[in-house]
Structure formats: C-alpha cells, structure tokens
Amino acid sequence: GVLEEWRDQVPHSLYFPGKVWLIVMIFLRILTLLFAGYPLYQDEQDRFVCNTIQPGCANVCYDLYSPVSLFRFWLVQLITLCLPYIVFVIYIIHKVSNDLCAHLNSSGQVRTSRLFQIQQEAPGEKMAPERGSARCFTGAYILHLMFRTLLEAGFGAAHYYLFGFNIPRRFLCQHPPCTTQVDCYVSRPTEKTVMLSFMLGVAVLSLFLNVLDFISAIKRSVTKKGKKK
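This one's a predicted model, so the numbers in the text were calculated from it and none came from an experiment.

Rules used throughout
- Numbering of residues starts from 1 in every chain and runs along the sequence as written.
- Two thresholds apply to this predicted model, a pLDDT of at least 70 for residue-level local features and 80 or more for giving and counting side-chain atom pairs, whereas whole-chain, interface and lining totals are computed over all residues.
- Only hydrogens and water are removed before side-chain values are computed, so all heavy atoms of the structure are retained for them.
- Secondary structure follows DSSP: runs of H or I at least 4 residues long count as helices, runs of E at least 2 residues long count as strands, and numbering of each begins at the N terminus.
- Whether two residues are in contact is decided by their heavy atoms, any of which lying within 4.5 Å being enough.
- Here a strand pair is declared whenever DSSP counts at least two bridges between the two strands.
- With axes taken as lines fitted to C-alpha atoms, and helix axes fitted only over the stretch in contact, angles between N-to-C directions fall between 0 and 180 degrees.
- UniProt positions are given in the numbering used here, feature names are shortened, and annotations may be inferred rather than shown by experiment.
- Between the rings of Phe, Tyr and Trp (Trp by its six-membered ring), a pair exists once the centres lie within 6.5 Å; its type follows the angle of the planes, with under 30 degrees stacked, over 60 edge-to-face, and the other angles tilted.
- Definition used: whenever NZ (Lys) or CZ (Arg) falls within 6 Å of the ring centre and also within 35 degrees of the ring normal, the charge is taken to sit over that ring.
- Cysteine sulfur atoms are paired as a disulfide whenever they fall within 2.5 Å.
- Only buried residues count toward a nonpolar core, which is a set of Ala, Val, Leu, Ile, Met, Phe, Trp, Tyr and Cys residues joined through side-chain atoms within 4.5 Å.
- Residue exposure (1.4 Å probe, protein chains only): buried if accessible area is under 20% of the type maximum, exposed if over 50%, otherwise partly exposed.

Summarising the element assignment, Q77 is placed in helix α4 (residues 70-107). Residues contacting Q77, with those up to four places away along its chain left out, are R29, E152 and F155.

This is how it looks when you write it as structure tokens:
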C-alpha cells in the first residue's frame, strides 16, 4: 500500500549526507537536548541567585540576563529544522498515494506498485522506470534542502546574537527596581558552557551536511538530465 511504497521511496530520495544529517538530528541534537539539556535548564531561574532582597530585582535581572530561554530556543530550533523534512516526506506520501490510486482506477484491482517492480530489477536499473518521478522528487528534495540550510544559518546567527559562545559565572545588574548595582550568579556555568559549545558544534556540522547534501543533489540532478539527453 501507500505506507510500503513510502517506506521504500524515502530512502531512495535521500542522499548519503542527508541520511547522516538525519542521524545527527535525532541522536546528537534531539536526544541530547531532552536527556541532558532539560535537566540542566529546568531549574535555571530558581538557581539564578542575586545578592539582594529587593522585591522583583532578581526577576528583572534574570530577564536582562536571559531574555530568551536557551533550552526553549534550542527546542524551537530543532522543531523548525525538522519541518522542511516532514513536509518533504508528506509530499512523497501524497505523490505515491496518487500513483497508487491511478493504478487502482485504471485496472480495477490492486496491482503491485511500480516501486516494488523496480526493486526486483538489477540495482543499476532502479531509477530507470521512474525517471519522471525521480526528477520530481529530486526537485522537491533540493527545495527542502534550501529551506533547511537557510533556517540553520538563520538560527545560528540568532544563537550568536542572543547567547554568544560562553556562559558567564557572574552577571552585573542595575535596573529598576534594583536600587544599586547587584551581583547575580549563574548556576552550573561550566556545564552550561560545555552544553552550549556542543550544540553549536553540532549545528555547524549540520550546516556542513546540508551544504554537502545540496551539492550532491545538484550533481545527481545534472547527471540525470545529461543521461536523458
């Protein structure tokens, strides 16, 4: 059915850098954020200690120190980065389901899908019967890669602008209702700096894989057009 064809078609639509990106996204980013980032940042505001008893001063200083929660920023980033890939998968499911419906309407009975027929042929001839569909999926894959790369670069720039590369141990604050300059201390700054550096490094790796995947997809598309001519 549709699910079997989708399960077979999606791996053929991904190139090697895209498969590595998927592994990096799932295991190095999402799982690390859930199992390491959440315990580290769940009590972030409670452990942000300021040497003052002025009501509201600590809350104002924390808002100045962290206008956006780093954990929530990473969470929104990963969800947004997954959206283009999810849309691409939904597009493949839509195309495959339409193709299956066309087979059912033309024959009046359930036929073996064209993708299953391709798999029974020689490995070197897998894409030959589906040139039109492969070209369509290649174009959609390249388009989703463009969005993914732009989103990754945009979030990287926002990350640098909002948080930089280091978590300070002490934060100086002087803002109403604080009557004097107040020293505030961040909980576990070394561990948070390591986590920050790790997430930045993985983001750079992800951006590199996106660019490499984009180049591979362009080369494959040009090669297929040349063979067709």
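This next bit is on the sheet that holds strand β2 (residues 170-173). Strand order in the open sheet made by the 3 strands is β1-β3-β2, with antiparallel pairing throughout. Two strands in the sheet have a free side with no partner beyond their single neighbour: β1 (49-50) and β2. Examined bridge by bridge, β2 and strand β3 (residues 182-185) share 4 bridges and lie antiparallel to one another. Note on β3: the bridge partner recorded for C173 is V182. Strands in contact with helix α3 (residues 57-65) are β1, β2 and β3; relative to β2, the strand with the most contacts, it is inclined by about 115 degrees.

What follows concerns the UniProt feature "transmembrane region" (unreviewed entry) in the protein. Mapped onto this numbering, the UniProt entry annotates "transmembrane region" (unreviewed entry) at residues 20-41, 73-93, 141-162 and 195-218. A helix fraction of 100% and a strand fraction of 0% characterise residues 73-93, whose end C-alpha atoms lie 31 Å from each other.

Inspection of the entire model under this criterion finds 11 aromatic pairs. A network of ring pairs unites the aromatic residues F48, Y62, Y65 and F171 as a single cluster. One cation-aromatic arrangement involves R148 over W21; the distance from NZ or CZ to the ring centre is 3.6 Å.

Let's shift gears to the UniProt feature "domain: Connexin N-terminal" (unreviewed entry) in the protein. What UniProt calls "domain: Connexin N-terminal" (unreviewed entry) maps, in this numbering, to residues 39-72. For residues 39-72, the end-to-end C-alpha separation is 13 Å, with 44% helix and 6% strand making up the annotated structure.

Counted by the stated rule, this structure contains 3 disulfides. Each sulfur in the disulfide pair C50 and C184 lies 2.0 Å from the other. Linking C50 and C184, the disulfide has an S-S dihedral of approximately 105 degrees and is accordingly described as right-handed. Note that C50 is positioned in strand β1 and C184 in strand β3, a separation of 134 residues in sequence.

Here the focus is unusual backbone geometry. For residues besides glycine, phi is generally negative; the peptide bonds are generally trans as well. With an omega of 15 degrees, the peptide bond running from P176 to P177 counts as cis. Looking at where P177 falls in the secondary structure, it is placed in the loop between β2 and β3.

Judged by nonpolar contacts, the single largest core of 35 residues is most densely connected at F48, C61 and W74. Put simply, the parts of the chain that give this core at least two residues each are α2 (16-41), α3, α4, α6 (131-163), β3 and α7 (189-228). In terms of residue count, the dominant contributor to this core is α4 (9 residues). Discounting residues that sit within four places of it in the chain, F48 has contacts with A58, C61, Y62, Y65, F171, C184, Y185 and V186. Core analysis: the second largest hydrophobic core is formed by 10 residues, V96, Y141, L145 and A217 among them.

Where β1 meets β3, 2 bridges bridge the pair, whose relative direction is antiparallel. Each residue of the ladder has a partner; that of C50, found in β3, is C184.

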